[in-house]
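Read off the chains here:
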Amino acid sequence: MKLSTDRIIDAGMAVFAEAGYHGLSMRQVAKRLDVHAGSMYYHVPNKSALLQLMADRLAQQAYDAGTAALAALPEGAGWPERVEAQAVSLRQSLLRHPGGAVMFADSPKVLSTGALSLMERLLRTLKDAGIRDEDLGIAGDAVLSHLTGYVLQEQGEPPAVEVGPEDVAELHRRFPLTVAAAAGGDQDEKFVRSVRLLCAGIRALDEAGGGDGSAPRPATL
């Protein structure tokens, strides 16, 4: 099959899924494609360029999924619903790629225009909702940082330590709240509730500041 940029990206993502950032190299990608590394440089000049292309592909898929999710919202949906639609579709896109959260977390380092487009749209959603400029970046970063951390945990390796019944009982005794919070439950539902909690916090912060850059409103009982 003829070598192409798309094939190199496919192979790069496969190597990344197996070996992570540090295990990704042009040599390993060439080996997977059964070609000489030098033959790839016409299409992709180096590892940094490959990482950018990989991040852009992942982000573009997520962006398109977010566009579809936003279009499916009922007319008149509020900004929290629009933030939720973007966050849910992005999480689903990351979960479809082993190592997707790591790749997305590193995307700013390679100046992925696709990832920047996701952030820009989220910030535009918040700005159009009237979130103050001084809170805008923090709010957007809070949503994406939470999302990335959530998926990193989902895609992480299982515990390397074997835990027996006695160990479990001891954990329940010493850390009852933490164990209860981490117990089971539907991960999709948990994620949606966590995003709604963030949106409630963003709304409260904005309302405390007046919502228009004015002084904080007096507290009411």
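Residues numbered from 1 in each chain as written. Predicted model: local features only at pLDDT ≥ 70, side-chain atom pairs only at ≥ 80, totals over all residues. Heavy atoms only, no water.

**Observations regarding the nonpolar core**
Quick reminder of the rule: In plain words, nonpolar cores are sets of buried Ala, Val, Leu, Ile, Met, Phe, Trp, Tyr and Cys residues tied together by side-chain atoms within 4.5 Å. Each residue gets one of three labels from its accessible area relative to the maximum for its type: buried under 20%, exposed over 50%, partly exposed in between, using a 1.4 Å probe on protein chains only. Only runs of H or I of at least four residues qualify as helices and only runs of E of at least two qualify as strands under DSSP, and these elements are numbered from the N terminus. Should any heavy atoms of two residues lie within 4.5 Å, those residues are considered in contact.
Counting 48 residues, the largest nonpolar core has Val29 and Met54 as its most contacted members. Here this core takes eight residues from helix H3 (residues 47-71), the largest share from any one element. Residues in contact with Val29, not counting those within four places in the same chain, are Ile8, Ala11, Gly12, Val15, Leu24, Met40 and Leu50.

**Some details on the pattern of salt bridges**
We count it as follows: Salt bridges are defined by distance alone: a side-chain nitrogen of Lys or Arg within 4 Å of a carboxyl oxygen of Asp or Glu.
By the definition in use, this model includes twelve salt bridges. Asp135 is paired through a salt bridge with Arg132; the nearest N and O atoms lie 2.5 Å apart. In terms of burial, Asp135 and Arg132 fall into one category: buried. Bridged by salt links that share partners, the residues Arg132, Glu134, Asp135 and Asp206 form one connected network.

**Quick notes on the layout of surface pockets**
The following threshold applies: With a 1 Å grid spanning the protein atoms alone, the term cavity applies to any set of points in which a 1.4 Å probe fits but cannot get out, the term pocket to an open set with protein on both sides within 12 Å along at least five of seven lines, and the term lining residue to any residue with an atom within 4 Å of a point. Grid points are joined across faces, edges and corners, and a volume is the space filled by probe spheres set on the points. Residue classes follow a fixed rule: Ala, Val, Leu, Ile, Met, Phe, Trp, Tyr, Cys and Pro count as nonpolar, while Asp, Glu, Lys and Arg count as charged, and any other residue, Gly among them, counts as polar.
In this model, the largest pocket occupies a volume close to 220 Å³. Around the largest pocket sit Phe104, Ala105, Ser107, Pro108, Ser112, Ala115, Leu116, Met119, Asp141, Leu144, Ser145 and Thr148, which together line it. Elements supplying a minimum of two residues to the lining of the largest pocket: helix H5 (100-106), helix H6 (113-128) and helix H7 (133-154). It is H7 that provides the largest number of residues to the lining of the largest pocket, a total of four residues. The class makeup of the residues in the lining of the largest pocket is seven nonpolar, four polar and one charged. Put simply, the second largest pocket is a space of about 160 Å³. Around the second largest pocket, the lining residues are Phe16, Ala17, Gly20, Tyr21, Pro98, Gly99, Ala101, Val102, Leu152, Gln155, Gly156 and Glu157.

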